[in-house]
Amino acid sequence: MKTRFPSLKTFALILSATVFLAHPVHAQGWVELITNGGFETGDLTGWSSPVPNPNPWSASAVLAHTGNYSAFNPALNTAVGQTTLYQLFSPTPVSSITNAGFWYYHPAGAPGTVGLATQLVFSDGTTVQDTLYATDPTYHMNAWAYRNLLPTLSTHTGLQLVGIGFFPKVLGSQFLDDVSIVGIPEDVPEPRAAILGCLGLLSIGCAFCVNKVRPTR
């Protein structure tokens, strides 16, 4: 009896398939993580608020950056020190996020010391506040302006982002529109045990099932 072993090419194919199947495969690419970021539903669908909410937001058709609606937060005494409009989404590695920001419009009036404050929430419970002071030259009033959150996120590349929230403006009203975060959410890898088991049987078969008994002459 003479044993014939599988070729090097066969082993290479088995090894390649095993390595491929042993690693998670993301079923999707870059996606928009924010639901109703432009508030074009005419309400706050997709967004949440604390209950009770001392500084309530609402969808407004008075002023919009694009489309017909934006979110509006009126000036109601002193703003509370918490987010009053927020949204959670699937854990997304910061390293995969290619776009993160929003447009804001602040009417003229007493701007206070903090022009704009946003809270970013991560899967490990970490929260980071992105603050734009009224004295910052990039802060604008009486015009739509874009706030880029990527610089703040870039210092937390090892974390997974799971939410964003907006603080009410100190001593003033504000409009918010076109909130957008684009990234690749973490997917739960599909079960591979059965497939890997089949590969194991295949490799055993390649090694042993090629044995042939040659007739004795």
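Residues numbered from 1 in each chain as written. Predicted model: local features only at pLDDT ≥ 70, side-chain atom pairs only at ≥ 80, totals over all residues. Heavy atoms only, no water.

1. Considerations on the sheet that holds strand β9 (residues 160-166)
Thinking step 1. Sheet architecture is open: four strands sit in the order β4-β9-β6-β7, paired in antiparallel fashion. In this open sheet, the two strands that pair with only one neighbour each are β4 (85-93) and β7 (127-133). Neighbour to neighbour, the strand axes of the sheet diverge by 20° on average, direction disregarded.
Thinking step 2. Both β4 and β9 contribute to a ladder of six bridges, which runs antiparallel. In the sheet register, tyrosine 86 faces β9, and the bridge partner there is glycine 165. (Pairing = 2+ DSSP bridges. Helix = DSSP H or I, 4+ residues; strand = E, 2+ residues; numbered from the N terminus. Axes fitted to C-alpha atoms, helices over the stretch in contact; angles between N-to-C directions.)

2. A closer look at the confidence of the model for the protein chain
Thinking step 1. Looking at the protein chain, pLDDT values average 79 and 70% of them are 70 or higher.
Thinking step 2. The low-confidence segment residues 8-27 (pLDDT under 50) makes 21 contacts with residues lying over four places distant or belonging to another chain.
Thinking step 3. The low-confidence segment residues 188-217 (pLDDT under 50) makes 34 contacts with residues lying over four places distant or belonging to another chain. (pLDDT = per-residue confidence, 0-100. Contact = heavy atoms within 4.5 Å.)

3. Brief notes about the side chain of aspartate 177
Thinking step 1. The topology assignment puts aspartate 177 in strand β10 (residues 174-183).
Thinking step 2. Buried and unpaired, aspartate 177 has no salt bridge, with arginine 147 as the nearest side chain of opposite charge at 17 Å.
Thinking step 3. A distance of 3.3 Å separates a polar side-chain atom of aspartate 177 from the backbone nitrogen of threonine 66. (Buried < 20%, exposed > 50% of the residue type's maximum accessible area, 1.4 Å probe, protein only. Lys, Arg positive; Asp, Glu negative; His and termini not counted. Salt bridge = Lys/Arg side-chain N within 4 Å of Asp/Glu carboxyl O. Polar contact = N/O pair within 3.5 Å; in protein donor to acceptor, adjacent residues only side chain to side chain.)

4. Observations concerning the pattern of salt bridges
Thinking step 1. Applying the stated criterion across every chain yields a total of one salt bridge.
Thinking step 2. Across the pair aspartate 130 and arginine 147 runs a salt bridge, and its minimum N-O distance is 2.9 Å. Of the two residues, aspartate 130 sits in strand β7 while arginine 147 sits in strand β8 (residues 145-148), which places them 17 residues apart along the sequence. The same class applies to aspartate 130 and to arginine 147, which are both buried.

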